[in-house]
Amino acid sequence: MGKGHYLRIRPAGKLQGTVMLPGDKSLSHRALLLAALGEGESVIDNCLHAGVTQAMMECLRNLGVQIRVNEAPGGQPTGSAAVVVGGRGLRGLNEPEQPLYCGGSATTMRLMSGILAGQPVRSTLDGNARLRERPMDRIVEPLRAKGAVIRTTAGNAPLTFFPAELKSSSHVLPTASAQVKSALLLAGLFADGPTTVSEPHGSRDHTERMLRNLGVRVEERLDRAGRHVVRILEGISRLPRMHMRLPSDPSSAAFIIVAGLIVPGSDIAVPGVCVNPGRIGLLSVLREAGADITLRMEPNVNGVEPVATIEVAAGPLTNVTIHGHRVTAMIDEFPIFAVAATQANGTTVVRDAAELRLKESDRIQAVTEELTKLGARMEPREDGFVVHGPTRLKGAMVDGRGDHRLAMSLAVAGLAAEGETLIQGWEVMNESFPEFPSVLRRLGADVSW
Ligand code: S3P
């Protein structure tokens, strides 16, 4: 991607074609971390190679892990790489000489915390200004209850970890969160007994699947109150190395899918996408709104995650209401869902989604303000938003506000708007989907930079 000041989008004719997208962000983070703790050399094919995973890789390198990134060869989609990780064993990370910098990546910070809590070395995690504002007490408090010794800055990053013996523990999370659950399960690998985590309902279960695939005993059940409970039976002494091919990211696919739905005449296929039930809430909501979306299941090479080709054709949408547990399975998709809602007939309502205020931006405020600049009729609510549709959007100057998913959503809105849309701060797309503008262009969009 070049360095033009703005991303410029003009109304598109129909978008058509088949596009391969980069590897899944959540899976890439987990695979890198677990490979670093493994015995010997692991290979991760189709690993996301973007800002957030580079942050994870840099942190691991500073802990003594050797990582080689082979871009392009071996049929990796652009934005992905075959990554070779020299595992250090479960307790073999070096004491870092400097703070480990997570950039804007909360997944790096929160998952890494689970590992660092159990290492016999001292280490500090830090991040950019936004990450320093995002809540870390949600992992620090339960990790302390597990025996971890952590110093925070008033509950936030920088976080410093001191050597500690971790013990068995049981946690009741007030909000479903895969990051918090995963931090605790990863810390559970170092504990002297079981680690139990209960969520109001299940969040994405990538950590559980990957751990099981590596031979760790992980149990799941619903308790009598209907809460989702996960348990790691005991700490372990070693993790094997892995050779894994990761499926593409459904959260990146979401931008392409909504573009295909709202640009008249479009017809797009995205093969090889992870369709873990904890990730594809957007697809069921869009189908409920009348979207023409087909999933063709594909053989799953690793036996770990379900994979499908997603096919989408443009057509009319109607309003829906989203609340309760449905929010979790589409937690990263609300900015792009709001764009779809501007084109749907009727009033779309999102509730129970206050977590959106704690993401890369305050997504309730930021999405409302930026889409309003394009003519959307939208109101923020304390725990969600309301969108009145359909609206003929009008091109304008908008701002990605340091949030990759907001920037990409605005680009899709621009495709459906009259006139020209200019996106300031669009480079932030590099965080999770560096090739997004090129992929849009390959599908026929008028995008320049
Ligand atoms: C993620 C979990 C979600 C999501 C984030 C990635 C993960 O965060 O928003 O982008 O990989 O576990 P929360 O656990 O805070 O909901």
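Residues numbered from 1 in each chain as written. Predicted model: local features only at pLDDT ≥ 70, side-chain atom pairs only at ≥ 80, totals over all residues. Heavy atoms only, no water.

A.B. asks: Whenever I open this one, the sheet that holds strand β13 (residues 228-232) confuses me. Can you help?
C.D. replies: The pairing of strands in a sheet happens through backbone hydrogen bonds and is either parallel or antiparallel. Taken in spatial order, the four strands make up an open sheet running β10-β11-β13-β12, and their pairing is mixed. Each edge of the open sheet is held by one strand with a lone partner, namely β10 (169-172) and β12 (218-222). Between one strand and the next, the sheet's axes are offset by a mean angle of 15°, whatever the strand orientation. Here β10 runs beside strand β11 (residues 195-199); their pairing, made up of four bridges, is parallel. Along β11, the bridge assignment pairs Val 172 with Ser 198. The strands touched by helix α6 (residues 178-188) are β10, β11 and β13; relative to β11, the strand with the most contacts, the crossing angle is about 170°. (Pairing = 2+ DSSP bridges. Helix = DSSP H or I, 4+ residues; strand = E, 2+ residues; numbered from the N terminus. Axes fitted to C-alpha atoms, helices over the stretch in contact; angles between N-to-C directions. Contact = heavy atoms within 4.5 Å.)

A.B. asks: Which parts of the structure should I look at to understand the site of the ligand?
C.D. replies: All residues in the neighbourhood of the ligand are listed as Lys 25, Ser 26, Arg 30, Thr 107, Arg 110, Ser 177, Ala 178, Gln 179, Arg 204, Ile 331, Asp 332 and Lys 359. Within the side chain of Lys 25, one N or O atom sits 3.2 Å away from an oxygen atom of the ligand. In the environment of the ligand, an oxygen atom lies 2.7 Å from a nitrogen or oxygen atom belonging to the side chain of Ser 177. Protein contact buries 95% of the 390 Å² of open area that the ligand shows by itself. Among the elements that make up the shell around the ligand, the one with the highest residue count is helix α1 (residues 25-36) (three residues). (Near = heavy atom within 4 Å. Polar contact = N/O pair within 3.5 Å; in protein donor to acceptor, adjacent residues only side chain to side chain. Areas by Shrake-Rupley, 256 points an atom, 1.4 Å probe, with all protein chains shown as cover.)

A.B. asks: Teacher, can you tell me more about the pairing of strand β8 (residues 149-153) here?
C.D. replies: The side chains of a regular strand alternate between the sheet's two faces. Of the strand pairs in this sheet, β8 and strand β9 (residues 156-162) are connected by four bridges, and their pairing is antiparallel. Considered in β9, the bridge of Arg 151 is made with Thr 160. Hairpin connection between β8 and β9: a loop of two residues separates the two successive antiparallel strands, and Ala 154 in this loop has a positive phi of roughly 50°.

A.B. asks: What should I look at first to understand helix α5 (residues 137-145) in this one?
C.D. replies: Each turn of an α-helix holds 3.6 residues, which means side chains three or four residues apart point in the same direction. Restricting attention to buried positions, one finds in α5 the residues Ile 139, Val 140, Pro 142 and Leu 143. Buried-residue contacts for α5 involve α3 (106-116), β8, β9, β10 and α6. (Buried < 20%, exposed > 50% of the residue type's maximum accessible area, 1.4 Å probe, protein only.)

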